[in-house]
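Chain by chain, the residues run as shown.
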Amino acid sequence: MNVSLHHEALLRSAGVEMESITRRFGTAAALDGVSLSVRPGEFVALLGPSGSGKTTLLRILGGLDHMDSGSVTIGERDMAGVPARERGIGFVFQNYALFRHMDVFANIAFGLRVRKHGRPSSAEIAARVRQLLALVQIPELERRYPDQLSGGQRQRVALARALAIEPSLLLLDEPFGALDAQVRKDLRLWLRGLQEEMGITTILVTHDQDEAMEVADRVAVMQAGRIAQFGTPDVLLDQPADAFVAGFLGESNRLVCEVRGGIAHFADAVLPSLAVQAPDGRAQAFIRPHQLVARVAEDGAFIVRAVRPAGPGTRLVLSGAGMSFDAVPAAGEEVPRRGDACALEAMGARIFPILE
Amino acid sequence: MISSPATRDRPLTRWTAVILAVLLLTVFLALPLAAVFTEALRRGWETALAAYADPDAQSAIMLTLLVAAIAVPVNTLGGIAAAWCVAKYEFPGKRLLVALIELPFSVSPVISGMVFVLVFGAQGWLGPWLQERGVQIIFALPGLVLATVFVTFPFVARTLIPLMQEQGRTEEEAAATLGASGWQSFRLVTLPNVKWALLTGVLLCNARAMGEFGAVSVVSGHIRGETNTMPLYIEILYNEYQFAAAFAVAALLALLALVTLFAKTLLERFSGRRREIA
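Residues numbered from 1 in each chain as written. Chains lettered and ligands numbered in written order. Predicted model: local features only at pLDDT ≥ 70, side-chain atom pairs only at ≥ 80, totals over all residues. Heavy atoms only, no water.

## Observations concerning the overall build of chain A
No. 1: Counting secondary structure elements, chain A contains nine helices and 20 strands.
No. 2: Dimensions along the principal axes, computed over C-alpha positions, put chain A at roughly 80 × 45 × 35 Å.
No. 3: The burial tally for chain A puts 51% of its 356 residues in the buried class.
No. 4: Of the contacts made within chain A by residues no fewer than 6 positions apart, 68% connect residues no fewer than 24 positions apart.
No. 5: Accessible area for chain A stands at about 16,000 Å²; split by element, carbon and sulfur atoms hold 50% of it. (Helix = DSSP H or I, 4+ residues; strand = E, 2+ residues; numbered from the N terminus. Buried < 20%, exposed > 50% of the residue type's maximum accessible area, 1.4 Å probe, protein only. Contact = heavy atoms within 4.5 Å. Areas by Shrake-Rupley, 256 points an atom, 1.4 Å probe, with all protein chains shown as cover.)

The following block contains the structure:
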C-alpha cells in the first residue's frame, strides 16, 4: 500500500476533546452534557439506539450543527466559531452525498479544486485522485457517475473524497447502513485495516453493536443524549456500567429479582434462586443465553419453541411464565427438541439494583 | 417499452385513451397554431413582410424583446434565490413565502396590472411623489417591466422548489466539509443539480413574458410606437380589421415561443439528459 499517505496521516492525526456538549431541539435535549476524549489515531464508535444523539454529536464535530453549550477541541484548536469548511475534517455521510452530476474522479478531486490557497496543479490533483482510487481499490471506476455505482462502490468513493483533503479527523455517519450484510462485513474489516494503516483518528456512528465492537478501539454507548459508558468492547461486555448498557449490548434475558443476603430470588420464583454479589433490595438481573441452562424435565414449566445450531453448540428459545427466554442445553445431556418441557437454571447473572 | 402484465390495459381502453389525447391535442393546440400561420400567409409573403416593416410593428417587437430581456434575468435570479431559501432552510414564515410565490398565478393578471396603477399611477399612492421627480412608471417601460416581472415570477421558483427540496442539503454539506465556500457550493453543486429544471423554468418564464397580455394591457396605455408590446399590438390590429397584419405579428410571436421550445429540446438532447435526476 501507499507509504506516503500513511506517514502524512500519522503526522497530522488529531485527538478530539469534547467538553459538556449540550444541544437542544426546542425543549428536548438531543445532547445533554456530553464529554468524551478521543486519542490521536484512535478508532472510536458512537453506539446507541436511534434518537440517542450520536449523529447530532458527529454533526457538531463536523461543524454541520451548532451546540448550545460546551466546547470541542480538535488537535490543539478550539472549534468554537470555526465553520465546517475550515475544519479540515473528512465526513462520510449516511447516504454518501456524492455529487450526482460529477463522475467519480471529479467527486474525489472536489476538495482539492475548491482550495483557495495552495491549490495543487491539475496534474497534482490527478495524481492524488489516482492514488486515492488505488487506495480504495476502485481505479477502474474513475469515469463512472454515482448512479452507475453499487452501494459498496459509492461508499468507497465517499471515503476517498473525504480523505482527499488530508483530514486530521475522519467522521463516519452510519457508513454501512445502506449495504447488505455480506458487503457490510467485508467493508468494515477493510475500513478498519485502512484506518490502522493510515493512523487517522476516526469516529464512527452506528446503531449496530456488532459493527461497533468489531471495528472500534473504544466504544461510547449513548443513551438519551448522554454517554452511558465509554470503554473497550470487552470492558463494555464484561463490566457494563449500568442496566442500559448491560441490556443494550449482547443478548440477555432480563428478569426482576429480590436480593437478600447475597441470594437473588426471582420474581414469582420463575427461576431457581442464585448466589450473586449485590446489595440487598430489588434488582434487575441480566442473564446471558450461555448462562441459562435448559434441561428436559417432565414437569418443566418452559416449552421449547425453537432450536437452532449456533456455532459449536445449540441455542434454544423457550417460553413460560409469560416470557420468552434464550438459553443453551445443559452440557453433556440430551438436547431438548421443539415442544419439549424443560426446567431452566441460571448459572450466573449481572445484577443492577433498581433505584426506587 | 415493455408493459408488465399487471398494468397492461385492455386494447380498447388503451386505444380510446390514445385517440382521445391525440384528438384533444389536434383540436386545441395544433389546429389553432396552424390557423395562425395560414391566416398570416393567406395574402402571401409580401403582405406579411409588409406588416413587419411597419414602424409600429417593429417598435412592438423591440419592446417585447426588451421587456423579456429584463424580466427573465430578474426572475431567474429571484426565482433561484426564493427556491434556495424555501428548499434549503427552515425559517419562520416559510409557508407564507411559498404562498406569496404562487400569488401571481392565483390572481388575475388584470388585477396585477391594476395594483401597479394603484401604487404608481398619477392618482396612486406614490404617483404624485414620482411625478414631482419626473419618474414615469405607468404608461412607460418601467410599468411594463414591473407588471411582467410580477406575473412571470412563479415560473422559475415553482419549477426549482420541488426538485431542490427532494435533493435536500447533504450535497451542500458535503461540499462544505470539503472546504467549499457558500458561493463555490452553489456554483459547483447546487446549480448543476438543477440546471435542467432551471432551463425549463426560464423558458416558460420567457414564453409568458413575451406573451403576457392582461397585466401589461392595464399598465401600458396602448401608445402606438411607444408602449405597445406584441400581444397588445396584435389586438389593436385585430380590432381595426387588419387581419393579415394581426396574424402576421401573431405568427411571429408564436414562432418565438416555438423556437425557445425547440432550443430547449435540442439543448437537452446534446447535453445528455441522462444525467438529470428530476
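## Some details on the packing of helix H3 (residues 104-113) of chain A against helix H5 (residues 151-164) of chain A
All names here are of chain A.
No. 1: H5 packs onto H3 with a crossing angle of 25° between their chain directions and a minimal axis gap of 7 Å. Classified by the angle between their axes, H3 and H5 sit roughly parallel to one another. When the axes of H3 and H5 are compared, the crossing they make is right-handed. Along its contact with H3, which presents Val104, Asn107, Ile108 and Leu112, the element H5 presents Val157, Ala160, Arg161 and Ala164.
No. 2: Across the contact of H3 with H5, the residue classes break down as six nonpolar, one polar and one charged. (Axes fitted to C-alpha atoms, helices over the stretch in contact; angles between N-to-C directions. Parallel < 35°, antiparallel > 145°, perpendicular 65-115°, else oblique. Left-handed = near helix turned anticlockwise from the far one by under 90°. Nonpolar A, V, L, I, M, F, W, Y, C, P; charged D, E, K, R; others polar.)

## Comments concerning the environment of Leu178(B)
No. 1: Mapped onto the elements of the fold, Leu178(B) is located in the loop between helix H9 (170-177) and helix H10 (182-193).
No. 2: A relative accessible area of 6% places Leu178(B) in the buried class.
No. 3: The residues contacting Leu178(B), other than those within four sequence positions of it, are Phe99(A), Phe110(A), Gly111(A), Val114(A), Arg161(A), Ala162(A) and Ile165(A).

## Quick notes on the packing of helix H1 (residues 11-41) of chain B against helix H14 (residues 243-270) of chain B
Residues and elements named next belong to chain B.
No. 1: In the contact formed by H1 and H14, the axes pass within 8 Å of each other and the chain directions differ by 135°. By the angle between their directions, the pair H1 and H14 is classed as oblique. At the point where H1 passes H14, the crossing takes the left-handed sense. In contact with Leu33, Val36, Phe37, Glu39 and Ala40 of H1, H14 contributes Ala244, Phe247, Ala248, Ala250, Ala251, Ala254, Leu255 and Leu258.

## Points about the sheet that holds strand E6 (residues 89-92) of chain A
Residues and elements named next belong to chain A.
No. 1: With respect to topology, six strands assemble into an open sheet ordered E6-E7-E8-E3-E9-E10, the strand pairing being mixed. Two strands close off the open sheet at either side, each with one partner strand: E6 and strand E10 (226-231). Pairwise comparison of adjacent strand axes, ignoring direction, gives a mean angle of 15° for this sheet.
No. 2: Bridge count between E6 and strand E7 (residues 169-173): four bridges; the pairing is parallel. (Pairing = 2+ DSSP bridges.)

## Quick look at the domain arrangement of chain A
Residues and elements named next belong to chain A.
No. 1: Looking at chain A, the domain boundaries give domain 1 (3-245) and domain 2 (253-353).
No. 2: The C-alpha-based centres of domain 1 and domain 2 are spaced at 41 Å.
No. 3: Contact residues are listed per partner, giving seven residues for domain 1 and four residues for domain 2.
No. 4: Note on domain 1 versus domain 2: buried area summed over both sides is about 430 Å², and carbon and sulfur give 55% of it.
No. 5: Summed over the shared surface of domain 1 and domain 2, the number is zero salt bridges.
No. 6: The tally of links from domain 1 across to domain 2 stands at one residue pair in polar contact (both at pLDDT 80 or more).
No. 7: Among the residues forming the side of domain 1 that touches domain 2, the class breakdown is four nonpolar, one polar and two charged. (Domains from an automatic or database assignment. Buried area = accessible area lost by both parts, 1.4 Å probe. Salt bridge = Lys/Arg side-chain N within 4 Å of Asp/Glu carboxyl O. Polar contact = N/O pair within 3.5 Å; in protein donor to acceptor, adjacent residues only side chain to side chain.)

## A short note on unusual backbone geometry
No. 1: One non-glycine residue, Gln137(A), lies in positive phi territory at about 60°.
No. 2: Within the secondary structure, Gln137(A) is located in the loop between helix H4 (122-135) and H5.
No. 3: Taking relative accessible area as the criterion, Gln137(A) reaches 40% and is therefore assigned partly exposed.
No. 4: Residue Tyr241(B) is not a glycine yet carries a positive backbone phi of 60°.
No. 5: With respect to the helices and strands, Tyr241(B) occurs in the loop between helix H13 (230-239) and H14.
No. 6: Classification of Tyr241(B) by relative accessible area gives exposed; the value is 65%.

## Some remarks on the domain arrangement of chain B
All names here are of chain B.
No. 1: Domain parsing of chain B yields domain 1 (1-41) and domain 2 (44-271).
No. 2: The C-alpha centroid of domain 2 is placed 30 Å from the C-alpha centroid of domain 1.
No. 3: Taken together, the contacts link six residues of domain 1 with 11 residues of domain 2.
No. 4: Between domain 1 and domain 2, the buried area comes to about 730 Å², and carbon and sulfur atoms account for 82% of it.
No. 5: Three residues stand out in domain 1 for area buried against domain 2, namely Phe37, Ala40 and Leu41, and they jointly supply 60% of the buried area on that side.
No. 6: Connecting domain 1 to domain 2 are zero salt bridges.
No. 7: Remark: the boundary between domain 1 and domain 2 carries one residue pair in polar contact (both at pLDDT 80 or more).

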